[in-house]
Amino acid sequence: MCGLAGFLRTASTPGREAHQGWLDNMGQAILHRGPDAGSTWLDDAVGLVHRRLSILDLSDAGTQPMVSNSGRYVIAYNGEIYNFQELRDDLISQGHSFRTRTDTEVLLALYEIHGPECLQLLNGMFALAIWDRTARKLFLARDRLGKKPLYFYEANGQFAFASELKALTPAPFVKTELRHDAIKDFFAYQYVPDPKTIYKNVHKLAPGHWLETDGTHTHQQQYWDVSFGSPSSASLDELQDGLYNLIDDAVRLRMVSDVPLGAFLSGGIDSSAVVGLMAGHTSTPVTTCAIGFDSKRFDEVHWAKKVAEQFKTDHHEFTVKDNVADSLASIARFFDEPFADPSFVPTYFVSQLARQKVTVALAGDGGDENFAGYSKYYTDHVENRLRGLFPAGIRHNLFPGLARMAGLINSGPTRKAKSLLGTLALDPDEAFFITNSFFRRDVWNDLVTGELKRETQGYDPADITRAHYKNAETDDHLSSILYTDIKTYLPGDILVKVDRMSMANSLETRAPLLDYRVVEYAAQIPSALKLHGKEKKYVLKKAFERMLPEDVLYRKKMGFSVPLAEWLRSELFEFADAVFRSDNGGLAQCFDMHKVSKLWQDHQRGLNQNTQELWSMLAFELWWRGYQK
């Protein structure tokens, strides 16, 4: 795993010495992504810098930027191509020779032969930059699901790119002007969705896309998408056998490493299945790491320990107790943008624990999005069935009024009635946005003020959800929302969290359940075999009944949750209290702080309905203090 950055040189920018300084500073900004080696390439048209975390071929021969055998192409690359050995053998049979044992050199050879079409041959996670010295064009690409990040800046004839936002800013021409609609997106989703960033003129290259530019003309193209349009007619037995074998092969491919390798283990089905399959592919104990909390409601380490004992792993645990407040600001800085998924805290600590033992860790990410594992999918499924019982006219015209009436009575049942009636009044895509939103519209409208309010008055973050929902090319509602999450929540939240928190600890993570073959296979499994009555991940659980005990497979899902309300009243109280009572800082630029303080006081009195909004505001202020002060 590595980090990369660079820029196109123009006649209007300073000379070689200044540009070399820019490259050095860009590389220093992402040193944590690649502490083992660093190098640069600078010619009359482009500058490239690479930081290396050595995984395969640990010799200096693997140092990047790397030049192709022909001398025409130069690459800086972050990721792993899991089928590179097979591709390498095929190229050798065609007469190609190689100087190294790296997947980087294989990538260069494939691009020289196939151009952008080489991406179709790759099974892996990657963000790459290839400079064509002859055509004087820069090629950028990102893997199918967006496991590896890639940002680019384009404005006023200047172009720069990097693995992380912080590596763009050493180039003086990169301006970081806040983007107001992205701020509104953040508070709705808890992250800034692709391809936006928190800054104008800075963009994320979307997953499954490539980009080519000569500095004057830029072209982007999508090279991969997942289709839910052709459900399989195979039997449950056939589907679960095929799924098991495919995931087993995905695990096998991800165990190739020249450095110590282990796994994250929560005790849930996804990570337990990965660990069990790993145990079948090695004669030595798998190193496993688990994180617990000093709160029984959120602690799962006993389940992880049960699985570890079953597969005789070398197991390690860490309990998050009193170090959250002290660590929060420094951990949050690794995101560069506002980011409010609170599970980034345990993800950081489990990555820190794992890095003490291994350099590569396999994880269970992707199981929920592929197989309908989140509770929200069942809730949404029930609501959508109820929605279908009423004509659209009644839902749109009558239910909003009934919801308002229910809201006049402040009790638990009437609050639930208000929420349900309000949701049923909406179309399915809009309702799923509400399910996915962590900052209620009524709270936003009450708090937002000033320039942010004026600039975003006519903008609705739900447009992002609606667009992906409609692009799913299926009439099946569950498939449409799974597709939407694969395009939004997965790359924008889950994969950002795992990448930044693991890279903060110079740890590479690999996700077998996000092998594109598994994703494509899962998309063809009928929805009723994913969400089967109340049973989530039904087909995945059936597939792994041969390996995992029933109490692991069918226990209630907890997820990588944190005791957020408790933290805000205890460990984070002092910091949060100062933030919410202050008239200075980022929040004061966005919201009426008197009203924010009122929400905070309500929370201290035991009213938890604003917990997510308060946490989102705290996360925004953390980012502001790190990057805007």
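What comes next is a walk through the structure. Just so it is clear, the structure is predicted and the values come from calculations on it, not from any experiment.

Along helix H7 (residues 301–310), the positions that sit buried rather than exposed are Val301, Trp303, Ala304, Val307 and Ala308. For H7, the arc enclosing every buried residue in end-on projection is 155°, short of the 170-degree limit, so these residues lie on one face. Phi turns positive one or two residues past the end of H7, at lysine 312, with a value near 55°.

By rolling a water-sized probe across the atoms, one finds the places where empty space is left. Counted as a void, the second largest pocket has a volume near 350 Å³. Forming the walls of the second largest pocket are 20 residues, and the residues nearest its centre are Ala206, Pro207, His209, His468 and Lys487. Those elements giving two or more residues to the lining of the second largest pocket turn out to be strand E12 (218–222), helix H18 (462–470) and helix H19 (477–487). In terms of residues, the lining of the second largest pocket owes the most to one element, H19, which gives three residues. Classifying every residue of the lining of the second largest pocket by side-chain character gives ten nonpolar, five polar and five charged.

Burial analysis of strand E8 (residues 151–155) places four of its five residues in the buried class, the great majority of the element. In the sheet, E8 pairs with strand E10 (residues 202–204) via three bridges, with the strands oriented antiparallel. What sits directly across from tyrosine 151, in E10, is lysine 204. Note: E8 against strand E9 (residues 158–162), five bridges, orientation antiparallel. Each bridged residue has a counterpart across the sheet, and for phenylalanine 152 the counterpart in E9 is phenylalanine 161. In this antiparallel pair of consecutive strands, E8 and E9, the connection spans two residues, and asparagine 156 shows a positive phi of 55°.

Together, Leu389, Phe390, Ile394, Leu398, Leu402 and Met405 line one region of the surface with nonpolar side chains, adding up to about 560 Å² of accessible area. Within the secondary structure, leucine 398 is located in the loop between helix H12 (392–397) and helix H13 (399–407). When its relative accessible area of 45% is taken as the criterion, leucine 398 is described as partly exposed.

Here we come to the nonpolar core. Grouped burial of nonpolar side chains is what soluble globular proteins tend to show. Core analysis: the largest hydrophobic core is formed by 142 residues, its most contacted members being Phe344, Phe580, Phe591 and Met617. With nine residues, helix H28 (residues 611–627) is the single largest residue contributor to this core. Beyond its immediate chain neighbours, meaning those up to four positions away, phenylalanine 591 contacts Phe187, Phe439, Trp444, Leu447, Val448, Thr449, Val596 and Met617. Counting 41 residues, the second-largest nonpolar core is a separate cluster that includes Ile247, Ala250, Phe311 and Leu362.

The next subject is the sheet that holds E10. Strand order across the open sheet formed by six strands is E2-E3-E1-E9-E8-E10, with antiparallel pairing between neighbours. Each having just a single partner strand, strand E2 (37–42) and E10 make up the two edges of the open sheet. Sheet twist, expressed as the average angle between the axes of neighbouring strands with direction ignored, equals 15°. Packing against the sheet, helix H1 (residues 16–29) makes contact with strand E1 (2–8), E2, strand E3 (46–52) and E9, and its axis sits at approximately 150° to E2.

What counts as what
Residues numbered from 1 in each chain as written. Predicted model: local features only at pLDDT ≥ 70, side-chain atom pairs only at ≥ 80, totals over all residues. Heavy atoms only, no water. Buried < 20%, exposed > 50% of the residue type's maximum accessible area, 1.4 Å probe, protein only. Helix = DSSP H or I, 4+ residues; strand = E, 2+ residues; numbered from the N terminus. Arc of directions from axis to C-beta. 1 Å grid on protein atoms, 1.4 Å probe; cavity = no way out; pocket = protein on both sides within 12 Å on 5 of 7 lines; lining within 4 Å. Points joined across faces, edges and corners; volume = space filled by probe spheres on them. Nonpolar A, V, L, I, M, F, W, Y, C, P; charged D, E, K, R; others polar. Pairing = 2+ DSSP bridges. Patch = residues over 30% accessible without salt bridge, like charges linked within 9 Å, V, L, I, M, F, W, Y side chains within 5 Å. Areas by Shrake-Rupley, 256 points an atom, 1.4 Å probe, with all protein chains shown as cover. Salt bridge = Lys/Arg side-chain N within 4 Å of Asp/Glu carboxyl O. Core = buried A, V, L, I, M, F, W, Y, C linked by side-chain atoms within 4.5 Å. Contact = heavy atoms within 4.5 Å. Axes fitted to C-alpha atoms, helices over the stretch in contact; angles between N-to-C directions.

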